[in-house]
Amino acid sequence: MLLDIVKYGDPVLRQKGERVEEVTPEIRQLINDMLETMREAHGIGLAAQQVGTALQLALVDVTGVEDRPSRMSLDGEPVNPEDYMPLILLNPEWTAVGDAKEDNGEGCLSFPEVYGEINRPEEIDVTATDENGESVAFRCGGLLARAIQHEWDHLHGILFIDRMDAIVKAQLKSEIDAIQAETKKTMS
Ligand code: ZN
């Protein structure tokens, strides 16, 4: 079932997600609905907050993105990231590998048409629980690392505009304010 994607201005986007301790039938249904919703919207990531549910659950799928490479390795062995997509991440955590950071463009399904440069660690180690309740751990870089950090932020009520530098954010202010005003109008 397609879900409505929550836009900026809805308070649920500012809520920290509850941990998911068990993959219940309801959680499985939510995962399936979120996958369908993310694909329909041509997104590469979607957090539960973006469909109105404050849970530590996010999806990432970088399949088919050719201009922005992704890397992934398991136990030190490089793997093809596309073999592991979509990633279903419950209660994910990450740590930066080294000090390398990168500026790159980022968008968000909750901010239609807004696109800005964000500085983030280029390579990270990720741990999470998957859709079968199993622990997973991997290293990733490039677009995949960026997408996972963006989704982790959503799970903690943080939005990409919070991480934009002031000049970039000022340039986008009228677009951001317009989304917020539209959301408030539809909620009232
Ligand atoms: Zn987003």
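Numbers given to residues run from 1 along each chain, matching the order in which its sequence is written. Only residues with pLDDT of at least 70 get local features here, since the model is predicted, and only at 80 or more are side-chain atom pairs given and counted; chain-wide, interface and lining totals rely on the full set of residues. The side-chain figures draw on all heavy atoms in the structure; neither hydrogens nor water molecules are used.

1. Topic: the coordination of the zinc ion
What counts, and what does not: Shown as donors are all N, O and S atoms within 2.8 Å of a metal ion, widened to 3.2 Å for Na, K and Ca; because water is not in the atom set, sites may appear incomplete. Per the convention used, a helix needs a DSSP run of H or I reaching at least four residues, while a strand needs a run of E reaching at least two, with both numbered from the N terminus. Three labels apply to residues, based on accessible area from a 1.4 Å probe with only protein chains included: buried if under 20% of the type maximum, exposed if over 50%, partly exposed otherwise in between.
Bound to the zinc ion on the protein side are Cys-108 (SG), His-150 (NE2) and His-154 (NE2), at distances that span 2.0 to 2.2 Å. Each donor residue of the zinc ion lies on one chain, and together they are spaced C-x41-H-x3-H. Residue His-150 and its partner His-154 are both found in helix α2 (residues 143–155); the two are separated by four residues, about one turn of the helix. Both residues of the pair, His-150 and His-154, count as buried.

2. Quick word on a negative patch on the surface
Put simply, the rule is: Patches in this entry comprise residues that are over 30% relatively accessible and not in a salt bridge; like charges within 9 Å are linked, as are nonpolar side chains (Val, Leu, Ile, Met, Phe, Trp, Tyr) within 5 Å. Using a 1.4 Å probe, accessible areas were evaluated by the Shrake-Rupley method; residue-level cover was limited to the displayed protein chains. Salt bridges are identified by distance alone: a Lys or Arg side-chain nitrogen within 4 Å of an Asp or Glu carboxyl oxygen. Residues counted as positive are Lys and Arg, residues counted as negative are Asp and Glu, and His and the chain ends are not counted. Where a charge sits is defined by one atom per residue type, namely NZ (Lys), CZ (Arg), CG (Asp) or CD (Glu).
Residues Glu-66, Asp-67, Glu-82 and Asp-83 make up a contiguous surface patch of negative charge. Here Asp-83 shows up in the loop between β4 (77–79) and β5 (87–96).

3. Quick word on helix α3 (residues 166–187)
As a reminder of what qualifies: Consider a residue and the seven residues that end there alongside the seven that start there; fitting an axis to each set, the bend is the angle between those axes. Contact between two residues is taken to exist if any of their heavy atoms lie within 4.5 Å; hydrogens are not considered.
Of all the bends in α3, the largest measures some 60° and sits at Leu-172. Among the residues of α3, Val-168, Leu-172, Ile-176, Ile-179 and Thr-183 are the ones counted as buried. Packing partners of the buried residues in α3 comprise β7 (115–121).

4. Examining the sheet that holds strand β3 (residues 70–74)
Where we set the bar: The pairing criterion for strands is at least two bridges between them, as found by DSSP. Only the stretch in contact is used when a helix axis is fitted, and all axes are lines through C-alpha atoms; the angle between N-to-C directions ranges over 0 to 180 degrees.
Here we have seven strands laid out as an open sheet, ordered β1-β2-β5-β8-β9-β3-β4, and antiparallel in their pairing. Looking at which strands have only one partner, the edges of the open sheet turn out to be β1 (45–47) and β4. Put simply, the sheet's adjacent strands are angled 40° from each other on average, direction ignored. Contacting β1, β2 (57–60) and β5, helix α1 (residues 25–40) crosses the sheet at an angle of about 40° to β2.

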